[in-house]
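Here's the letter readout for the chains.
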Amino acid sequence: MPTSQVAEALFDAHAQKATGRLTCRFRGKEARLWFRDGDLVEVEGQFGIATPLQGLLATKRLDLGQLDALWARGEVAAPEAETFEELGIAGSDEVASRLIVSVQRVVSRAEAATFEAVEVAGPSVVSGARAARAAFEAVPAGEGEAPFIRVKDLTAAAAWLSAEEQQALKDLTEFTPGERLSSAQRALMPMLLRSGALDAVPAEVWRREQEERRRKEEEARREEEARRAEEARLAEEARREEEARRAEEARLAEEARREEEARR
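Let me sum up the structure you'll find in this document. (Residues numbered from 1 in each chain as written. Predicted model: local features only at pLDDT ≥ 70, side-chain atom pairs only at ≥ 80, totals over all residues. Heavy atoms only, no water.)

## Let's talk about the sheet that holds strand E4 (residues 112-116)
Which entries qualify depends on this criterion: One bridge is not enough; two strands pair if DSSP finds at least two bridges between them. Numbered from the N terminus, helices here are DSSP runs of H or I no shorter than four residues, and strands are runs of E no shorter than two. All axes are obtained by fitting lines to C-alpha atoms, using only the stretch in contact for helices, and the reported angles, taken between N-to-C directions, cover 0 to 180 degrees.
Strand order in this open sheet of 4 strands is E3-E2-E1-E4, and the pairing throughout is antiparallel. The open sheet terminates on both sides in strands that have one partner only, identified here as strand E3 (39-45) and E4. Direction aside, neighbouring strands of the sheet carry axes that sit 20 degrees apart on average. In this sheet, strand E2 (residues 29-36) lies alongside strand E1 (residues 20-26) in antiparallel orientation, the contact comprising 7 bridges. In the strand pairing of E2, Phe 26 is matched with Lys 29.

Here's what the structure looks like:
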C-alpha cells in the first residue's frame, strides 16, 4: 500500500468520525493510531514514534537554544513537566506535537494499514483534520508532472486550511498547472482532492484534450472560412447574373424602343 493510501485511511477515519484503531505496518513492525469520533487520541507502537522533544523541535515549539539548555541540565532523555512549564510549553502542546510528528513518521514509513472499530478510552488530543493534514504533508511527492487543478468548493476544506491558505487558492477557478503551486500547497493537493475542494485532470489528459479542442476549433474556423468564401462566391455570381439580367432587359427595351420608332 503506498503511503498516500495510508494517509487516505487516516483521512477517512476523520471524515467518518470513526472510533477505533488504525494499525500501520512496516517491515514486520506495527504502529497503532487510536481515534475517537474521528479525533486522534494516541499513537504508539514499534516504529515512527516521536519523543516529546522530537515533537516539539519538529513543530517549532522548541528551538535549538532551548534544547542546548536541556542538554546542559541533563534533561534531554526525560524532561520533567516543570521543565516544559519553565519553557512556556503547555503539557497539551507537548503531547499534541509528539502525536503530530509521530503520525508523520508512521505514515512516511508505513507499507500497509487496516482500521478496526474498537472502544477507545482517553481524551481526544489532536483534531482529526489536523492529523489528516499532517499525514498528507508526510507523503513523499509523487513522480511525474502535477495535474491541472481548479477550485471546486473550498468550504469542503475549511477544516484543513487556514484563512490565508484559502485566500491563496480561491482565485483558481480555471484549470491551472499544479506545478505553479507552492511545495506546501502541492503536498496538500491529494487531501484537497479527496475532500472535494479541488477538481483535477492529469497533465497529459489536459494537454490531449486541449490539443483536441484546438484541432476542433481550427477545423471549425476553416469550415467557417470556407462557408463564408462560398457565400461570397454565390453572392458574386448572383450579382453578375443580376447585372446580366438587367443588361439584357435594357438591351431588349432599347430594341423595342427602336422598333417602335421605326414603325412611326
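Past the structure itself, the notes keep going.
## What to know about the side chain of Ser 102
Applicable threshold: N or O atoms closer than or at 3.5 Å make up a polar contact, with two conditions inside protein: a donor-capable atom paired with an acceptor-capable one, and, for residues adjacent in sequence, both atoms drawn from side chains.
Take Ser 102: it is sitting in helix H5 (residues 91-109). A polar atom in the side chain of Ser 102 sits 2.9 Å from the backbone nitrogen of Ala 50.

## Observations concerning unusual backbone geometry
Threshold: Relative accessibility decides the category of a residue: with a 1.4 Å probe and only protein chains considered, values under 20% of the type maximum give buried, values over 50% give exposed, and everything between is partly exposed.
With phi around 50 degrees, Lys 17 is a residue other than glycine that occupies positive phi space. Mapped onto the elements of the fold, Lys 17 is located in the loop between helix H1 (3-15) and E1. The backbone of Arg 27 shows a phi angle near 50 degrees, a positive value even though the residue is not glycine. Arg 27 sits in the exposed class, given a relative accessible area of 68%.

## Quick notes on the pairing of E1
With 6 of 7 residues buried, E1 is to be regarded as a mostly interior element. Between E1 and E2, which pair antiparallel in sequence order, lie 2 residues; one of them, Arg 27, sits at a positive phi of approximately 50 degrees.

## Let's talk about the pairing of strand E5 (residues 148-151)
By the bridge criterion, 2 bridges tie E5 to strand E6 (residues 176-177) in an arrangement that is antiparallel. Bridge pairing in E6 links Ile 149 to Thr 176. Inspection of the sheet shows E5 paired to strand E7 (residues 198-201) by 4 bridges, in the antiparallel sense. Opposite Arg 150, over in E7, you have Asp 199 as the bridge partner.

## Quick notes on helix H9 (residues 203-263)
Basically, it comes down to this: How far a helix is expected to stretch is found by multiplying one less than its residue total by 1.5 Å. Note on contacts: a residue pair qualifies if any of its non-hydrogen atoms lie within 4.5 Å across the two residues.
Compared with an ideal rise of 1.5 Å per residue, which puts 61 residues at 90 Å, H9 spans 89 Å between its outermost C-alpha atoms and is within 8% of the ideal. Tucked inside the fold, the buried residues of H9 contact E5 and E7.

## As for the packing of helix H6 (residues 128-138) against helix H8 (residues 183-195)
Condition: Just so you know how the angles are binned, under 35 degrees is roughly parallel, over 145 roughly antiparallel, 65 to 115 roughly perpendicular, and the rest oblique. For a crossing to be left-handed, the near helix must be turned anticlockwise from the far one by less than a right angle; the clockwise case is right-handed. All residues other than Ala, Val, Leu, Ile, Met, Phe, Trp, Tyr, Cys, Pro, Asp, Glu, Lys and Arg, Gly among them, are scored as polar; the first ten of these are nonpolar and the last four charged.
Across the interface, H6 lies against H8 with an axial gap of 7 Å and an inter-helix angle of 130 degrees. What the angle tells us is that H6 and H8 run oblique. At the point where H6 passes H8, the crossing takes the right-handed sense. Where H6 abuts H8, its residues Ala 132, Arg 133, Phe 136 and Glu 137 lie against Ala 187, Leu 188, Pro 190, Met 191 and Arg 194. When grouped by side-chain class, the residues that make up the contact of H6 with H8 number 6 nonpolar, no polar and 3 charged.

Geometric descriptors of this kind do not, in isolation, establish any biological role.
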